[in-house]
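An overview of the molecular structure
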Amino acid sequence: MAKTKRTSRYRPIKVAVVGHTNAGKTSLIRTLLRDDRFGDIDDAAGTTRYIEKSGIYTGDDEVLNLFDTPGFEDSSALLQVLEDLSKSLQARLPVDLLRAFIAQADDFPDFVQETKVLRQSLNSDVLLYVIDVREPFLGKYRDEVEILSKAGKPILPVFNFIAGNSAALKRWREQMAQFNLHAALEFDTVAFDFEAEKRLYQKLQSLIEDRYDALQALIDSRQKIWSSLNQAAARRIFQMLTDVACYRREVQDKSGITQTDVAAMQDYVREAEQHALQDLLTIFAFTQVDVDLQQLPVRDGKWELDIFSPGMFKTFGLNAGATALKGAAAGAGIDLMVGGLSLGAATMLGAALGAGWAAARRYQQELKAAWRGHVWLCVDDTTISLLYLRQRKLLHDLTRRGHAAQNSLQLASNIKRPLPKQWHKLIKELRQHPEWLGTLTTDAEYQKLQQQMLDWLTNDENAS
Ligand SMILES: Nc1nc2c(ncn2[C@@H]2O[C@H](COP(=O)(O)OP(=O)(O)OP(=O)(O)O)[C@@H](O)[C@H]2O)c(=O)[nH]1
Ligand SMILES: [Mg+2]
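Heads up: these notes are all about the structure in this document. (Residues numbered from 1 in each chain as written. Chains lettered and ligands numbered in written order. Predicted model: local features only at pLDDT ≥ 70, side-chain atom pairs only at ≥ 80, totals over all residues.)

1. Here we look at the overall build of the protein
Along the backbone of the protein there are 17 helices and 12 strands. For the protein, long-range pairs separated by at least 24 residues make up 75% of all intrachain contacts whose partners lie at least 6 apart in sequence. (Helix = DSSP H or I, 4+ residues; strand = E, 2+ residues; numbered from the N terminus. Contact = placed C-beta atoms within 7 Å.)

2. Let's talk about the site of ligand 1
Near ligand 1, the surroundings consist of 22 residues, among which Gly24, Thr26, Ser27, Thr48 and Gly71 are the closest. Broken down by element, the shell around ligand 1 gets its largest block of residues, 3 residues, from helix 1 (residues 25–33). Grouping the amino acids of the shell around ligand 1 by side-chain chemistry returns 6 nonpolar, 12 polar and 4 charged. (Near = placed C-beta within 6 Å. Nonpolar A, V, L, I, M, F, W, Y, C, P; charged D, E, K, R; others polar.)

3. Considering helix 2 (residues 75–88)
Helix length check: helix 2 (14 residues) gives 20 Å between terminal C-alpha atoms against 20 Å at 1.5 Å per residue, within 8%. Buried residues of helix 2: Ser75, Leu78 and Leu82, and no others. All buried residues of helix 2 fall inside an arc of 55° around its axis, so they share one side. Among the exposed residues of helix 2, those pointing more than 90 degrees away from its buried face are Gln80, Glu83, Asp84, Lys87 and Ser88. Where helix 2 is buried, its residues contact helix 3 (94–103), helix 4 (112–122) and helix 5 (139–149). (Expected span 1.5 Å × (residues − 1). Buried ≥ 20, exposed ≤ 12 C-beta atoms within 10 Å, placed from the backbone. Arc of directions from axis to C-beta.)

4. What to know about the environment of Gln294
Counting through the fold element by element, Gln294 comes out in the loop between helix 10 (288–293) and strand 8 (298–299). For the pair formed by Gln294 and Leu398, sequence separation is 104 residues and the distance between their alpha carbons is 8.0 Å.

5. Things to note about the sheet that holds strand 5 (residues 155–160)
Spatial strand order, 2-3-1-4-5-6: 6 strands in an open sheet with mixed pairing. Each of the sheet's edge strands pairs with one partner strand only, and the pair in question is strand 2 (52–58) and strand 6 (185–186). Pairing between strand 2 and strand 3 (residues 61–68): 7 bridges, direction antiparallel. The residue of strand 3 that forms the bridge with Thr58 is Asp61. (Pairing = 2+ DSSP bridges.)

6. Looking at the packing of helix 8 (residues 212–245) against helix 9 (residues 259–283)
Between helix 8 and helix 9, the shortest axis-to-axis distance is 10 Å and the interhelical angle comes to 175°. Between helix 8 and helix 9, the angle falls in the class roughly antiparallel. Facing Leu229, Ala232, Ala233, Arg236, Ile237, Met240, Asp243 and Val244 of helix 8, the residues of helix 9 in contact are Val269, Ala272, Glu273, Ala276, Asp279, Leu280 and Ile283. Class assignment of the residues belonging to the contact of helix 8 with helix 9 gives a composition of 11 nonpolar, no polar and 4 charged. (Axes fitted to C-alpha atoms, helices over the stretch in contact; angles between N-to-C directions. Parallel < 35°, antiparallel > 145°, perpendicular 65-115°, else oblique.)

And the structure:
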């Protein structure tokens, strides 16, 4: 059967991705396509040997054509050839010089790769010039820019390998400005970062103004996809916390709790968090490369540190044992639930009310009455809080790829940021609904609590 051809509302914008060999051109395209099968990537120079085209779509509309090109190797020798050639030709526009060179390409077998780049540059609307900022600005780069600018196309420098290299980045910015290239982009190319991608399309909007609308449609559709990924992730976190908050295991009373009970509860918590982690990595298509780059405390798809490991509470600014069952091992994550209210939560609530002994007495009475009924072992508030904080940090890291090294301060403050004000109230409400365990319900109360947590998680920076 014949393949139906997609019809596009726009003429795709042709973008040539150019630069020195090994600068990260193919990596950039993979990242923009979110396709780690595109092209070949290697530490060795000269990996890409042919022009390779790929498309970026919004729905059925192809907005961009990206052309991967081989890297420049000996640009200084090429510039010399071009200068010699210009002497033998009539005075012409720089672009004519490039055309003349391409027409005589057979005479210059040493520049087979460069000829492909120049041909593609002439045949494109804009050039993305990928730069490894760790490299000193040597003559060969100066010559590269000079050659590329002869194509007469807008050039957008894309600074790569920027993490931890801010001084080098500044130098490169200054150098590019010398060539009248004032608009530039910072983009660690192996790591997808929605904000960086958006900035790339916005810069293209200002460089090729007549394609503004097509690029805006692309930005809008990417924004929509991005928001729905964030929502899906936040919903998954809420589901996991619900499963943990609603967990209960019937016991006789405090003295009746066995090692087996505690181990079963802890394994349940670990497994719930583990499944959520795997789903979050899948939602954001995190590969091992991303995990390493972002320095996630994750190995082989699992958390490196156990949720019950000592010190975990402190790392996240929590006071271990404050709400844990008195007399039981602090930090074991256990609490007792009587009459629908956990002992830890009752004590905590009493303290939070600030009413001293009067409140405590009130709850004691309530608890005593409930004690006669069922008693359950459940997961304490501190552990649930820790689970929330750990997933909040994970979500932060998953949605801000490529920023690990640059923003370490910001990440540290993210860890210590306090729990939302209504946090304990929400957990208490979740605990009242053991029927929500393992289900996704349309129950209005469930939806309301879910929305509350979604707001906290997706308005990450503002939540308090
Ligand atoms: N850490 C890090 N590595 C990167 C980044 N971008 C590219 N790399 C690595 O740099 C190497 C070269 O990347 P490529 O994408 O193959 O570079 P290229 O410009 O296409 O190279 P040629 O095709 O040979 O011209 C690969 O090993 C990449 O994994 C980055 O932002 N951070
Ligand atoms: Mg390449």
